[in-house]
Amino acid sequence: MKSLGEYIKEAEEKGVAIGHFNISNLEGLHGIYNAAKKLNVPVIIGLSEGEEAFVGKEEAFSLINAIRERDDYPIFLNADHHYNFDSVKGAIDAGYDAAIIDAVKLPLEENIELTKKCVDYAKEFSEKNNKDILIEAELGFIGTSSKLLDKLPDGVGEDTMTKAEDAKYFVEKTGINLLAPSVGNVHGMVKGGNPKLNITRIKEIRESSGVPLVLHGGSGISDEDFKNAIKAGISIIHINTEIRVAYKEALEEYLKENPNDVAPYKILHGAVDAIEKVVEARLRLFNNLE
Ligand code: 13P
């Protein structure tokens, strides 16, 4: 099977983006995979440190790997927003295909040093194990939580948007494979609407950095912005809050209507379907399948 890096290259050539969706449990994985398989498109499953602590690193790998091997399907596993070397190393050692070292809170030179250490480890591990593990890093600030927000988080705005020249410097110094910029995107869904993306900035960063770009904070972004962002150089798009909301609402509705039910596989069935619906709509858009 082709590596994630090869699928990303192919996506860029086709002018589409690969969907990245976070999971906290098996229901999430089933909902996401059902949608991807229906459309026959590659998909990335992400687990943040919190999600991973709940699911288990090795458990997450076993679940994704079981699907990949059984169906010979391009489903990949990403360590989303890992904050230190040991946690990135742990994910790589467990069999993940990619990891994000998120050191944006550190001073730039310390961020570069830590990111480079992760890149070097991924390369060494890839060579030893005949793999192609990708390391991504974030530059600029886009908030931290996949949740419903009353307002834009402090520190997200024009001032903390990634600059094209900084992106070039950061990629040259670290050797990362993928870059997650701040271009008007924000983690979570802002009540009253998310800001618009800066499409020109995406184009500039793609050109200056020379690596594929990942758009985080996909929930709440308009279809038009997504389409233009993909054209400008985005190759992977992350969605989490929209899935969490769909899961919770479906669960609440079921429990309200069936207060005496106790079988988890019945209670949670609607939540799987609700996640599938959200993911299918996003994958259709990202893969130009409308
Ligand atoms: P949203 O929760 O805004 O979709 O962002 C998800 C994300 O970027 C995870 O890395």
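These numbers were taken from a predicted model, which means no experiment stands behind them.

Draft legend 1. Structural context of the overall build of the chain. Each helix and strand counted, the chain has twelve helices and ten strands in total. In terms of overall dimensions, the chain has a C-alpha envelope of 60 × 45 × 35 Å along the principal axes. Residues classed as buried in the chain amount to 56% of the 290 residues present. Pairs at least 24 residues apart make up 72% of the contacts formed inside the chain by residues separated by at least 6 positions. Total accessible area computed for the chain in this model is approximately 13300 Å², and 52% of it derives from carbon and sulfur atoms.

Draft legend 2. Focus on unusual backbone geometry. With a phi close to 55°, Asn40 is a non-glycine residue in the positive phi region. The topology assignment puts Asn40 in the loop between helix H2 (26-39) and strand E2 (43-47). Under the relative-accessibility criterion, Asn40 is labelled exposed at 60%. The residue His81 is not glycine, and still its phi comes out positive at about 45°. One can find His81 in strand E3 (residues 75-82).

Draft legend 3. Representation of the UniProt feature "active site" (unreviewed entry) in the chain in the model. Within this numbering scheme, the UniProt entry marks Asp80 as carrying the feature "active site" (unreviewed entry). Tracing the backbone shows Asp80 in strand E3. Residue classification places Asp80 among the buried positions, given a relative accessible area of 4%. Not counting residues up to four positions away in its chain, the partners in contact with Asp80 are His20, Asn22, Leu47, Ser48, Glu49, Ile100, His216 and His238. A distance of 3.0 Å separates a polar atom in the side chain of Asp80 from a polar atom in the side chain of Asn22.

Draft legend 4. Layout of the side chain of Asn194. One can find Asn194 in the loop between strand E8 (189-190) and helix H8 (199-209). With a relative accessible area of 16%, Asn194 lands in the buried category. Within the structure, the side chain of Asn194 is placed 2.9 Å from the backbone nitrogen of Val190, a separation counted as a polar contact. A polar side-chain atom of Asn194 sits 3.2 Å from the main-chain carbonyl oxygen of Ser219.

Draft legend 5. Structural context of the site of the ligand. Surrounding the ligand, one finds 15 residues, the nearest of these being Asp80, Ser146, Gly217, Ser219 and Thr241. A distance of 2.6 Å separates an oxygen atom of the ligand from a polar side-chain atom of Asp80. Here an oxygen atom of the ligand and a side-chain polar atom of Thr241 are 2.5 Å apart. Considered on its own, the ligand offers 310 Å² of accessible surface; in the complex 99% of this is hidden by protein. Looking at side-chain class alone, the shell around the ligand contains two nonpolar, twelve polar and one charged residues.

Draft legend 6. Representation of the nonpolar core within the structure. Within the largest apolar cluster, 68 residues are counted, with the highest numbers of intra-cluster contacts made by Ile32, Ile45, Ile75, Ile135 and Leu179. If one sorts the elements of this core by residue count, helix H6 (residues 108-129) sits on top with seven residues. Counting residues in hydrophobic clusters, the runner-up holds 14 residues, among them Leu4, Val16, Leu178 and Ala180.

Draft legend 7. Spatial organisation of the side chain of Glu27. Inspection of the secondary structure puts Glu27 in helix H2. Here Glu27 occupies a buried position and makes no salt bridge, while the nearest side chain of opposite charge, Arg244, is found at 12 Å. Polar contacts involving the side chain of Glu27 include one to the side chain of Asn25, which spans 2.9 Å.

Draft legend 8. Representation of the environment of Val156 within the structure. Topologically, Val156 is positioned in the loop between strand E6 (148-149) and helix H7 (164-174). As a C-alpha pair, Val156 and Pro212 span 56 residues in sequence and 23 Å in three-dimensional space.

Draft legend 9. Region of interest: H6. Taking 1.5 Å per residue as the helical rise, H6 with its 22 residues ought to reach 32 Å, and the 31 Å between its terminal C-alpha atoms agrees with that figure. Within the sequence span of H6, burial applies to Asn111, Ile112, Leu114, Thr115, Cys118, Val119, Tyr121, Ala122, Phe125 and Ser126. Along its buried surface, H6 packs onto helix H5 (85-94), strand E4 (98-101), strand E5 (134-139) and H7. The first or second residue beyond H6 is Asn130, which carries a positive phi of 50°.

Draft legend 10. Representation of H7 in the model. Taken residue by residue, H7 has Ala164, Ala167, Phe170, Val171 and Thr174 as its buried positions. Taken around the axis of H7, the buried residues stretch over an arc of 125°, which confines them to a single face. Summarising the geometry of H7, the exposed residues directed more than 90 degrees from the buried face are Glu165 and Glu172.

Procedures and definitions
- Residues numbered from 1 in each chain as written.
- Predicted model: local features only at pLDDT ≥ 70, side-chain atom pairs only at ≥ 80, totals over all residues.
- Heavy atoms only, no water.
- Helix = DSSP H or I, 4+ residues; strand = E, 2+ residues; numbered from the N terminus.
- Buried < 20%, exposed > 50% of the residue type's maximum accessible area, 1.4 Å probe, protein only.
- Contact = heavy atoms within 4.5 Å.
- Areas by Shrake-Rupley, 256 points an atom, 1.4 Å probe, with all protein chains shown as cover.
- UniProt positions renumbered as here; feature names shortened; annotations may be inferred.
- Polar contact = N/O pair within 3.5 Å; in protein donor to acceptor, adjacent residues only side chain to side chain.
- Near = heavy atom within 4 Å.
- Nonpolar A, V, L, I, M, F, W, Y, C, P; charged D, E, K, R; others polar.
- Core = buried A, V, L, I, M, F, W, Y, C linked by side-chain atoms within 4.5 Å.
- Lys, Arg positive; Asp, Glu negative; His and termini not counted.
- Salt bridge = Lys/Arg side-chain N within 4 Å of Asp/Glu carboxyl O.
- Expected span 1.5 Å × (residues − 1).
- Arc of directions from axis to C-beta.

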